[in-house]
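Residues per chain, in single letters:
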Amino acid sequence: MANTCKKTALRPSKPRTEDTPSYSPAGAYRRATRDSLIEKRDKLLKRKKVPQQELSKTLVALNDTQPVNTLPPELLMNVIELLRPSSDALDSRNWLSQSFVCRRWYAIITTMPSLWRHIYVTSCPEWLERCLSRCAGMLVDIYFTGRFSLQATIPTLEEHGPRVRSITYSAPRSSWASDISQLLSVPLSSLEKFDMRLETKSERLAIVDLPPESYAHLHFLCLRSCSAPLDCAAFTSLRTFKLIRSKWRITFNQLLDILASAGQLQELVLDDCLSELRDCPGGFPTTHPPRRSPATLSQLRTLQLTAVRSSLGAQIIAHIQVPNATRIVVRTHANHDVPQPSVRGLLPPNPTSFSPIFSTATSLSAGFPDSHICELDARNATCHLVMRVYLRGYTRFSDMPEQAMDVFLTTFADAPLTALTIPEAQQVSSATWEHTFCRVRTLKQLTLDGHNFVGGIFTALRSASEHSGGIICCPELSTVSMRDRWYDPDKPGTLEATAEQVLGALRMREQQGIKLQKLNIVYRYRPWRSKEVNTRKSFLKELKSLVPQARFDAF
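Scoring rules and cut-offs
Residues numbered from 1 in each chain as written. Predicted model: local features only at pLDDT ≥ 70, side-chain atom pairs only at ≥ 80, totals over all residues. Heavy atoms only, no water. Helix = DSSP H or I, 4+ residues; strand = E, 2+ residues; numbered from the N terminus. Buried < 20%, exposed > 50% of the residue type's maximum accessible area, 1.4 Å probe, protein only. Contact = heavy atoms within 4.5 Å. Areas by Shrake-Rupley, 256 points an atom, 1.4 Å probe, with all protein chains shown as cover. Phe/Tyr/Trp six-rings, centres within 6.5 Å; stacked < 30°, edge-to-face > 60°. Expected span 1.5 Å × (residues − 1). Pairing = 2+ DSSP bridges. pLDDT = per-residue confidence, 0-100. Core = buried A, V, L, I, M, F, W, Y, C linked by side-chain atoms within 4.5 Å. Disulfide = S-S within 2.5 Å. Axes fitted to C-alpha atoms, helices over the stretch in contact; angles between N-to-C directions. Parallel < 35°, antiparallel > 145°, perpendicular 65-115°, else oblique. Left-handed = near helix turned anticlockwise from the far one by under 90°. Nonpolar A, V, L, I, M, F, W, Y, C, P; charged D, E, K, R; others polar. Arc of directions from axis to C-beta.

J.: What's the story with the overall build of the chain in this structure? I'm lost.
T.: A count of helical and extended segments in the chain gives 18 helices and 21 strands. A burial count over the chain gives 45% of its 555 residues as buried. Sequence-distant contacts, at least 24 apart, represent 71% of the contacts inside the chain between residues at least 6 apart. A total of about 28400 Å² of accessible surface is found on the chain, and carbon and sulfur atoms cover 51% of it.

J.: Help me understand the packing of aromatic side chains in this model?
T.: By the definition in use, this model includes 10 aromatic pairs. Centroid distance phenylalanine 144 to phenylalanine 148: 4.9 Å. Interplanar angle 50 degrees. Geometry classified as tilted. Accessibility expressed as a relative area gives 7% for phenylalanine 148, which makes it buried. Geometrically, the ring pair formed by phenylalanine 235 and tryptophan 248 is tilted, given 6.1 Å between the ring centres and 40 degrees between the ring planes. Placement of phenylalanine 235 in the loop between strand 7 (226-227) and strand 8 (240-244) and of tryptophan 248 in the loop between strand 8 and helix 10 (252-261) is noted, with a sequence separation of 13 residues between them. The buried category is assigned to phenylalanine 235, whose relative accessible area is 2%. Tryptophan 248 gets classed as buried once you look at its relative accessible area, which sits at 1%. Three or more aromatic residues link up through ring pairs in this structure, and these residues are Phe144, Phe148 and Tyr169.

J.: Before we go on, may I ask you to explain helix 16 (residues 454-466) in this structure?
T.: Residues separated by three or four positions in an α-helix point in the same direction, a consequence of the helix having 3.6 residues per turn. Taking 1.5 Å of rise per residue, 13 residues should cover 18 Å, and helix 16 covers 19 Å from first to last C-alpha, within 8% of that figure. Looking at helix 16, one finds that the buried residues are Val454, Gly455, Ile457, Phe458, Ala460, Leu461, Ser463, Ala464 and Ser465.

J.: I'm lost on the pairing of strand 6 (residues 220-224) in this one. Help?
T.: Side-chain positions along a regular strand alternate between the two faces of the sheet. For strand 6, the tally of buried residues reaches 5 of 5 residues, placing the bulk of the element in the interior. Residues Phe220, Cys222 and Arg224 of strand 6 are buried on one face, and the alternating residues Leu221 and Leu223, pointing to the opposite face, are buried as well. One ladder, built from 3 bridges, connects strand 4 (residues 193-196) with strand 6; its direction is parallel. Residue aspartate 195 lies in a different strand from strand 6, and its bridge partner there is cysteine 222. Pairing of strand 6 with strand 8, which is carried by 5 bridges, proceeds in the parallel orientation.

J.: Got a minute to help me understand the confidence of the model for the chain in this structure?
T.: Predicted coordinates in regions of low pLDDT should not be interpreted in detail. The share of residues in the chain with pLDDT of 70 or more is 87%, and the mean pLDDT across the chain is 84. Note on residues 1-20: pLDDT is under 50 here. Beyond four places in sequence and across chains, it has 1 contact.

J.: Sorry if this is basic, but what is going on with the nonpolar core here?
T.: Generally speaking, nonpolar side chains in soluble globular proteins are found buried as a group. Ranked by size, the top nonpolar core spans 147 residues in total, and within it Tyr169, Phe241, Trp248, Leu274, Trp433, Phe437 and Leu446 carry the most contacts. Ignoring sequence-local partners within four residues, the contact set of phenylalanine 437 consists of Leu443, Leu446, Ile457, Ala460, Leu461, Ala464, Cys473 and Cys474.

J.: Would you take a moment to explain the state of the cysteines for this structure?
T.: In a disulfide, the sulfur atoms of two cysteines are held together by a covalent bond. As enumerated under the stated definition, the model contains 0 disulfides in all. Here cysteine 124 is not disulfide-linked; the sulfur of cysteine 131 is the nearest cysteine sulfur, at 9.9 Å. The thiol of cysteine 474 is unpaired, and the distance to the nearest cysteine sulfur, on cysteine 473, comes to 4.6 Å.

J.: What should I look at first to understand the packing of helix 15 (residues 430-439) against helix 16 in this one?
T.: When two helices pack together, their arrangement is captured by the angle between the axes and the distance separating the axes. Between helix 15 and helix 16, the least distance of the axes is 8 Å, while the angle of their chain directions is 50 degrees. Here helix 16 runs oblique to helix 15, going by the angle between their axes. Judged by the sense of rotation from one axis to the other, the crossing of helix 15 with helix 16 is right-handed. Packed against helix 15, whose contacting residues are Ser430, Trp433, Glu434, Phe437 and Cys438, the element helix 16 presents Ile457, Ala460, Leu461, Ser463 and Ala464 at the interface. Class assignment for the residues of the contact of helix 15 with helix 16 results in 7 nonpolar, 2 polar and 1 charged.

J.: Before we go on, may I ask you to explain the pairing of strand 16 (residues 384-391) in this structure?
T.: The element strand 16 is extensively covered by neighbouring structure, given that 6 of its 8 residues are classed as buried. In terms of strand pairing, strand 13 (residues 327-334) meets strand 16 through 8 bridges, oriented parallel. When the bridges of strand 16 are listed, arginine 327 appears paired with histidine 384. Two strands pair when backbone bridges link them, and strand 15 (residues 373-379) and strand 16 are joined in this way by 7 bridges, in the antiparallel orientation. Paired with glutamate 375 across the two strands is arginine 388, which belongs to strand 16. Hairpin connection from strand 15 to strand 16: 4 residues lie between these consecutive antiparallel strands.

J.: Which parts of the structure should I look at to understand the packing of helix 4 (residues 73-82) against helix 6 (residues 103-111)?
T.: Running from N to C, helix 4 and helix 6 cross one another at 75 degrees; their axes reach a closest spacing of 11 Å. The pairing of helix 4 with helix 6 is recorded here as roughly perpendicular in orientation. Residues Pro73, Leu76, Met77, Val79 and Ile80 of helix 4 form the contact with helix 6, whose own contacting residues are Arg104, Trp105, Ile108 and Ile109. Classifying every residue of the contact of helix 4 with helix 6 by side-chain character gives 8 nonpolar, no polar and 1 charged.

J.: Quick question: what am I supposed to make of the environment of leucine 44 here?
T.: The topology assignment puts leucine 44 in helix 2 (residues 25-46). Sequence separation between leucine 44 and leucine 55 is 11 residues; the distance between their C-alpha atoms is 6.7 Å. Not counting chain neighbours up to four residues away, the residues in contact with leucine 44 comprise Val50, Pro51, Glu54, Leu55 and Thr58.

J.: In this structure, what is going on with helix 15? I would like to understand it.
T.: Turning to helix 15, its buried residues number three or more, namely Thr432, Trp433, Thr436 and Phe437. Seen along its axis, helix 15 keeps its buried residues to an arc of 130 degrees; they face one direction. Those residues of helix 15 hidden inside the fold are in contact with helix 14 (401-411), strand 17 (419-422), strand 18 (445-450) and helix 16.

Below, the structure is given as structure tokens:
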């Protein structure tokens with residue numbers, strides 16, 4: 001027993017140095033597994049004929065045991081980038097904790113300036129200073145998302161102002177309006193973006209008055225519940241300008257001057273912000289034509305003008321041109337006590353000069369979906385135009401609905417339309433349909449909704465061909481979809497007349513070798529007369545012989 005104890009006491013212990021790694025039981029198991037897989041891989045590679053399937057399984061298993069700490073620096077950087085805080089200053093605690101994973105992580109996180117460029121300001125002033133010191137002179141993006149000390153932040157911004165690239169404010173503080181004024185009063189010569197994300201219903205607005213030093217590189221300005229700058233110089237370098245639910249206390253001419261100076265603008269959003277615009281023209285462009293040449297926004301790609309009264313919206317459209325815009329959204333409103341002009345008064349005086357979409361549209365939807373809304377939707381492969389007027393109360397335009405539809409279709413008569421949708425087809429006159437079918441020879445798809453219009457459409461389709469010397473109109477027309485929502489049982493022979501009008505046009509197209517490929521008709525119909533029941537059966541039989549995919553639903 002003594003000898004045993006003596007041998008144990010004399011057994012030398014293995015010295016431990018700082019470089020000797022220590023593992024948890026799970027880590028030690030993974031390490032042993034990895035060592036055995038490496039040994040197996042080396043043996044397989046030494047064979048004269050390497051078993052590829054077994055080698056592949058071994059390499060996959062070996063890859064699964066790869067610890068994150070042994071990844072190459074460029075891959076490890078991607079992993080660490082995913083851990084960057086993205087929404088809340090509280091995430092900065094998690095961000096700091098990542099540096100304590102191991103010495104390698106600590107070295108990478110604390111020495112890579114790019115990891116500290118996105119700064120979430122917290123109630124701890126030292127955090128802002130620490131981030132700025134570790135950015136090594138790089139431009140930074142600052143986010144105000146919660147509690148913070150403005151008194152401690154302003155001196156830091158003044159010291160590091162030339163390094164601030166963007167400011168995003170979304171902190172719901174009672175002092176938010178004064179916060180904005182004080183933050184932006186600091187000269188920020190490298191400022192490219194200011195994004196005000198906080199929306200409030202308070203009547204108090206934040207006043208955005210940038211010093212001239214902050215204009216030079218400003219590309220993005222988004223303001224919510226704010227009063228926008230009045231100086232045209234603030235807009236000369238902008239690429240994006242959004243003013244949302246705010247009040248812009250300027251004159252109409254000042255607005256046009258600002259737009260004329262924004263030659264680099266690519267996106268313009270004016271949403272519910274023009275209610276206090278002063279010295280506006282007294283009416284629509286048709287009654288008060290523009291007194292100055294339109295401002296051409298040649299770089300503009302997106303225009304959104306919403307929540308503005310219809311006369312003001314029409315005047316703004318008449319005073320600008322957007323020749324390269326790919327998305328145009330105009331939504332206006334009109335009160336019941338304000339007389340509305342012809343629909344033509346809402347459109348640009350020279351539509352093709354305002355935007356090429358009027359002459360290049362391939363798809364058009366126009367009409368009065370109900371008695372309170374006037375809609376226009378046109379698009380092609382690259383451009384999209386949406387115009388909508390909401391009529392409060394029972395306001396109607398000075399012209400009748402069929403005249404308004406004539407205006408819509410005539411405006412786009414020279415466009416290469418392939419798809420046409422009319423939600424209230426009964427408001428289009430037969431003469432307008434015939435004129436449209438004669439001019440729009442590229443039409444491929446026709447979608448209509450309304451009542452008592454099916455027969456009139458096919459009559460116009462037939463007469464347009466007859467008046468063209470027998471040349472079939474719309475030779476590419478292949479799909480027609482109609483939903484007739486009204487049937488008048490007091491008009492005897494309605495179904496018989498409609499059936500003859502439809503079949504007459506289809507027979508003419510078949511004789512010329514230009515058939516419709518698909519026809520879908522939904523028809524309100526009461527077969528209370530035995531004669532009409534027989535008419536329906538014979539009509540459906542001949543219809544299917546003239547159109548490969550024909551469907552006639554009566555209900």
